[in-house]
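Summary of the model geometry
Take a look at the letters that make up each chain.
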Amino acid sequence: MNTAEPRPTTLVLGASRGIGRAICQRLLASGHQVIGVARDFSASPLDHPAFTPVTLDLSRLDTLGKRFQDLQQAHPDITALVCCAGRGQFGSLEEFSHEQIRSLMELNFLSHACAARSFLPAMKRRRRGHLVFMGSEAALAGRQKGAIYCASKFALRGLAQALREECAGSGVHVSIVNPGMVKTGFFDGLDFAPGEQAHNYLLPEDVADAVQLILDAREGAVIEEINLSPLKKHVVFKKPGAR
Ligand SMILES: NC(=O)c1ccc[n+]([C@@H]2O[C@H](COP(=O)([O-])OP(=O)(O)OC[C@H]3O[C@@H](n4cnc5c(N)ncnc54)[C@H](OP(=O)(O)O)[C@@H]3O)[C@@H](O)[C@H]2O)c1
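Residues numbered from 1 in each chain as written. Predicted model: local features only at pLDDT ≥ 70, side-chain atom pairs only at ≥ 80, totals over all residues.

Of the regular secondary structure elements, the protein chain holds five helices and nine strands. Listing each helix as α and each strand as β along the protein chain from the N terminus yields β-α-β-β-α-β-α-β-α-β-β-α-β-β. A globule of 243 residues ought to have a C-alpha radius of gyration of about 18 Å, and the protein chain, at 17 Å, matches this closely. In terms of overall dimensions, the protein chain has a C-alpha envelope of 60 × 40 × 35 Å along the principal axes. A buried classification covers 37% of the 243 residues belonging to the protein chain. (Helix = DSSP H or I, 4+ residues; strand = E, 2+ residues; numbered from the N terminus. Rg over C-alpha atoms; globule rule 2.2 N^0.38 Å. Buried ≥ 20, exposed ≤ 12 C-beta atoms within 10 Å, placed from the backbone.)

Pasting the structure below:
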């Protein structure tokens with residue numbers, strides 16, 4: 001961080017666990033003020049004087065406009081938005097109800113599009129800012145049983161690419177990180193997980209490093225996209241014979 005510049009204030013969506021929490025820790029260690037959004041911080045509270053937890057359910061799209069407006073009023077100096085909240089839900093398309101399709105798209109894509117819509121104008125006015133989206137390897141190629149999850153991540157990637165062009169003249173950097181399997185609670189309710197060997201998974205800290213690299217880029221340079229993967233992908237199915 002350039003010490004001549006004011007301390008950056010970063011808003012992280014999905015800050016209570018996993019990748020988002022690691023990003024918060026990383027940014028706090030490098031001198032950011034961090035505002036973290038999630039539904040529940042009680043399991044592993046982040047105790048740091050520069051961290052502000054905000055309890056908010058991002059799937060309640062109808063409330064987001066007002067909640068984001070309040071956040072912006074309370075923290076008018078937000079210079080970076082890291083959109084990391086999300087969940088995995090996998091299965092053949094027929095296994096999803098219409099409601100489940102809507103709900104996954106709302107959390108993984110629409111909440112982040114709305115967040116970008118809310119915080120971008122102030123960044124443009126200041127001619128300074130970063131939007132960082134958490135994509136996935138599922139944003140790069142469609143895979144069986146991942147129709148809606150992949151669609152949500154492809155949508156995020158499309159949003160990031162379009163915004164990146166749109167914001168080029170206004171000083172706002174737009175980026176997306178596309179990790180392969182990261183060892184987090186993401187897999188708790190799923191029927192698969194990464195293999196146990198250290199080269200079979202990424203750590204949340206690996207992804208946090210990528211986000212830090214993006215935020216530290218020179219003003220005149222933008223890191224558009226980072227794809228990162230475990231050295232050797234290995235998927236373990238929890239129930240024998242699954243898939
Ligand atoms: N793990 C992987 O292998 C992997 C790979 C590629 C991309 N990703 C992406 O990375 C992101 C984070 O995943 P992760 O592995 O860190 O998962 P995680 O450990 O399950 O964490 C998910 C985070 O999202 C928050 N969240 C979920 N639903 C929310 C809601 N309705 N409102 C507000 N916050 C909500 C959770 O907080 P609360 O539950 O407290 O609300 C938590 O902080 C997701 O977008 C995921 O798609 C993960």
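Below, the discussion takes up the site of the ligand. Residues in contact with the ligand amount to 26 residues; listed here are only the nearest, G14, G18, R39, G86 and F186. When residues in the shell around the ligand are grouped by element, the largest group, three residues, is from helix 1 (residues 18-29). Classifying every residue of the shell around the ligand by side-chain character gives 12 nonpolar, nine polar and five charged. (Near = placed C-beta within 6 Å. Nonpolar A, V, L, I, M, F, W, Y, C, P; charged D, E, K, R; others polar.)

Once that is clear, we can look at helix 3 (residues 98-126). Between its terminal C-alpha atoms helix 3 stretches 41 Å, which fits the 42 Å expected from 29 residues at 1.5 Å a residue. The largest bend along helix 3 reaches roughly 50° and is located at E106. Burial in helix 3 covers these residues: L104, L107, N108, F109, S111, H112, A115, A116, S118, F119 and M123. Contact partners of the buried residues in helix 3: strand 1 (9-13), helix 2 (61-74), strand 4 (78-83), strand 5 (129-134), helix 4 (147-166) and strand 6 (172-179). Following helix 3 by one or two positions, R127 has its phi on the positive side, about 55°. (Expected span 1.5 Å × (residues − 1). Bend = angle between axes of the 7 residues up to and from the residue. Contact = placed C-beta atoms within 7 Å.)

Attention shifts here to helix 5 (residues 204-215). Here helix 5 contains 12 residues, and its C-alpha end-to-end distance of 17 Å stays within 8% of the 16 Å for a straight helix at 1.5 Å per residue. Along helix 5, the residues that are buried comprise P204, V207, A208, A210, V211, I214 and L215. Within helix 5, the buried residues cover an arc of 155° as seen down the axis, which keeps them to one side. (Arc of directions from axis to C-beta.)

Our focus in this paragraph is the environment of A147. Its location among the elements puts A147 in helix 4. Its 18 C-beta neighbours within 10 Å are what place A147 among the partly exposed residues. Residues A147 and P204, 57 residues apart in the sequence, show an inter-C-alpha distance of 24 Å.

If you look at the biggest cluster of nonpolar residues, it comprises 61 residues, and the most contacted ones within it are V12, L13, I23, L81, V82 and V211. Not counting residues within four places of it along the chain, the set of residues in contact with L13 comprises V37, L58, V82, C83, C84, A85, H112 and A115. (Core = buried A, V, L, I, M, F, W, Y, C linked by C-beta atoms within 7 Å.)

Our focus in this paragraph is the sheet that holds strand 6. Taking strand neighbours across the sheet as the criterion, the seven strands line up as 3-2-1-4-5-6-8 in an open arrangement whose pairing is parallel. At either margin of the open sheet sits one strand with a lone partner, and together these are strand 3 (51-55) and strand 8 (225-228). Between one strand and the next, the sheet's axes are offset by a mean angle of 15°, whatever the strand orientation. Note that strand 6 and strand 8 share four bridges and pair parallel. Paired with N178 across the bridge in strand 8 is N227. Packing against the sheet, helix 4 makes contact with strand 5 and strand 6, and its axis sits at approximately 155° to strand 6. In the packing of helix 5 onto the sheet, the strands contacted are strand 4, strand 5, strand 6 and strand 8, and the crossing angle to strand 6 comes to about 160°. (Pairing = 2+ DSSP bridges. Axes fitted to C-alpha atoms, helices over the stretch in contact; angles between N-to-C directions.)

In this section: the pairing of strand 5. Most of strand 5 is tucked away: six of the six residues are buried. Residues G129, L131 and F133 point to one face of strand 5 and H130, V132 and M134 to the other, with burial holding for every one of them. Here strand 4 runs beside strand 5; their pairing, made up of four bridges, is parallel. Each bridged residue has a counterpart across the sheet, and for L81 the counterpart in strand 5 is L131. Where the polypeptide runs from strand 4 across helix 3 and back to strand 5, its parallel neighbour, the crossover connection is right-handed. As paired elements, strand 5 and strand 6 share six bridges and run parallel to each other. In the strand pairing of strand 6, H130 is matched with H173. (Right-handed = clockwise from strand over helix to strand, strands pointing away.)

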